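# Coordinates in review
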Amino acid sequence: MTTSFIPPRRILMGPGPSDVPQRVLDAMARPTIGHLDPAFVDMMEQIKAMLRMAFQTQNALTFPVSAPGSAGMEMCFVNLVEPGDKVIVCKNGVFGGRMLENVKRCGGVPVIVDDAWGKPVDPNKVRDAFAANPDARVLAFVHAETSTGAQSDAATLARIAQEAGALTIMDCVTSLGGTPIHLDAWGIDAAYSGSQKCLSCTPGLSPVSFSERAVERIKARKTPVQSWFLDLNLVLGYWQSAGRRTYHHTAPINPMYGLHESLVILEEEGLENAWARHRAMHEALKAGLEGMGLRYVVDEAARLPQLNSIHVPEGVDEAAIRARLLNEFNLEIGAGLGDMAGKIWRIGLMGHSARQENVDYCLTALKACL
Ligand SMILES: *Cc1c(COP(=O)(O)O)cnc(C)c1O
């Protein structure tokens with residue numbers, strides 16, 4: 001007989017998921033109700049309002065997609081890119097590469113702006129790309145590149161796109177709740193995030209937000225969106241009109257309770273206080289790591305507080321250290337991806353994981369293993 005699964009207790013300090021507070025887990029264990037139940041519809045309206053706070057936007061079309069961050073990414077591209085549309089895609093890590101793949105699969109014509117892994121997107125290259133391609137309709141970039149720990153200058157990039165008359169798609173999966181985001185002030189037209197990084201909910205939901213300009217572009221499409229599930233024209237009837245909600249798909253009810261609770265926690269702490277806490281915990285971790293002689297991958301000016309990439313010291317078997325951290329300390333940290341596999345560690349300080357006790361524990365464990 002197979003018995004119930006009891007997961008081990010871990011401390012999650014990798015690139016996501018982050019530690020989920022007990023309050024969020026408790027919220028998810030509450031009774032399941034119908035997804036068109038007025039009580040559920042009211043709760044969804046609260047989720048939308050709290051997401052607007054987190055994204056710093058007034059966008060009416062702000063809601064969680066019923067699927068992980070990758071689905072939020074895909075929703076932005078399949079709705080905003082039509083066959084033949086030129087899209088400037090910034091690639092400085094794994095997730096920029098995925099944006100490029102999305103553009104291709106939508107039949108878009110990509111113009112690639114390449115930057116080295118570990119560097120932020122270079123705004124001058126983006127300016128040059130628009131000068132050479134004045135017909136580009138969209139700019140796509142990753143705000144917080146989780147594969148390297150580099151943060152790009154979203155305000156400047158979005159301004160360049162606006163001056164060129166293009167829409168902007170921004171990946172803020174790792175930035176939402178962890179480092180400042182101002183969708184409206186920056187003029188971002190489409191943004192997607194994830195529930196399991198700095199919001200510290202369980203994985204599987206993707207908060208998204210679309211500006212009026214983005215909605216107009218979608219309504220003016222000449223071709224239907226090729227994805228039925230992610231077609232915003234269809235999802236709109238479900239998410240936008242509280243009073244007249246119609247069936248589109250069955251929302252994941254209990255995970256939505258979890259997201260609601262994680263946003264209540266964020267509201268209680270205050271968005272700016274949450275940003276400041278991530279910064280302070282990063283400073284504490286950095287002091288400890290540098291004290292051990294470890295070096296950061298990303299230049300100080302572009303470092304993400306919530307994702308600390310460090311070089312594995314010469315002659316150290318990085319996978320063996322991660323295995324020891326997991327087996328002896330119940331501590332998860334991340335490995336390098338792609339070109340950086342085997343060469344770096346990625347230590348996450350996301351959401352509920354960004355606490356002094358975690359920083360101290362991680363430093364102690366790493367010291368013991370090195
Ligand atoms: C984690 C992540 C994603 C993908 O989110 P999933 O929930 O794993 O699908 C996309 N972009 C960035 C920058 C991420 O860190």
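Residues numbered from 1 in each chain as written. Predicted model: local features only at pLDDT ≥ 70, side-chain atom pairs only at ≥ 80, totals over all residues. Heavy atoms only, no water.

## A word on the pattern of salt bridges
- The final tally for this structure, using the stated rule, is 18 salt bridges.
- For Lys286, the salt bridge is made with Glu300, and the minimal N-O distance between the two is 2.9 Å. Linking Lys286 in helix α11 (residues 271-291) with Glu300 in the loop between α11 and β11 (307-311), this pair joins segments that are 14 residues apart in sequence.
- For Lys286, a relative accessible area of 11% translates into the label buried.
- What makes Glu300 exposed here is its relative accessible area of 53%.
- Among the ionic contacts, a cluster of salt bridges with common partners joins Arg279, Glu283, Lys286 and Glu300. (Salt bridge = Lys/Arg side-chain N within 4 Å of Asp/Glu carboxyl O. Helix = DSSP H or I, 4+ residues; strand = E, 2+ residues; numbered from the N terminus. Buried < 20%, exposed > 50% of the residue type's maximum accessible area, 1.4 Å probe, protein only.)

## As for the domain arrangement of the chain
- Split into domains, the chain comes out as domain 1 (11-16 + 271-369) and domain 2 (22-266).
- Listed as interface residues are 25 residues of domain 1 and, on the opposing side, 29 residues of domain 2.
- When domain 1 packs against domain 2, the two sides together hide about 2,100 Å² of surface, and 65% of this comes from carbon and sulfur.
- Together, Leu271, Trp275 and Leu304 form the three largest contributors to the area buried by domain 1 at its contact with domain 2, with a combined 31%. (Domains from an automatic or database assignment. Contact = heavy atoms within 4.5 Å. Buried area = accessible area lost by both parts, 1.4 Å probe.)

## With respect to helix α2 (residues 38-55)
- Its 18 residues give α2 an end-to-end C-alpha distance of 26 Å, which sits within 8% of 26 Å, the value for a rise of 1.5 Å per residue.
- Turning to α2, its buried residues are Phe40, Val41, Met43, Met44, Ile47, Lys48, Met50, Leu51, Ala54 and Phe55.
- At the N-terminal boundary of α2, the capping side chain belongs to Asp37, with an oxygen 2.8 Å from the backbone nitrogen of Ala39.
- Phi turns positive, to about 55°, at Gln56, one or two residues after α2. (Expected span 1.5 Å × (residues − 1). Polar contact = N/O pair within 3.5 Å; in protein donor to acceptor, adjacent residues only side chain to side chain.)

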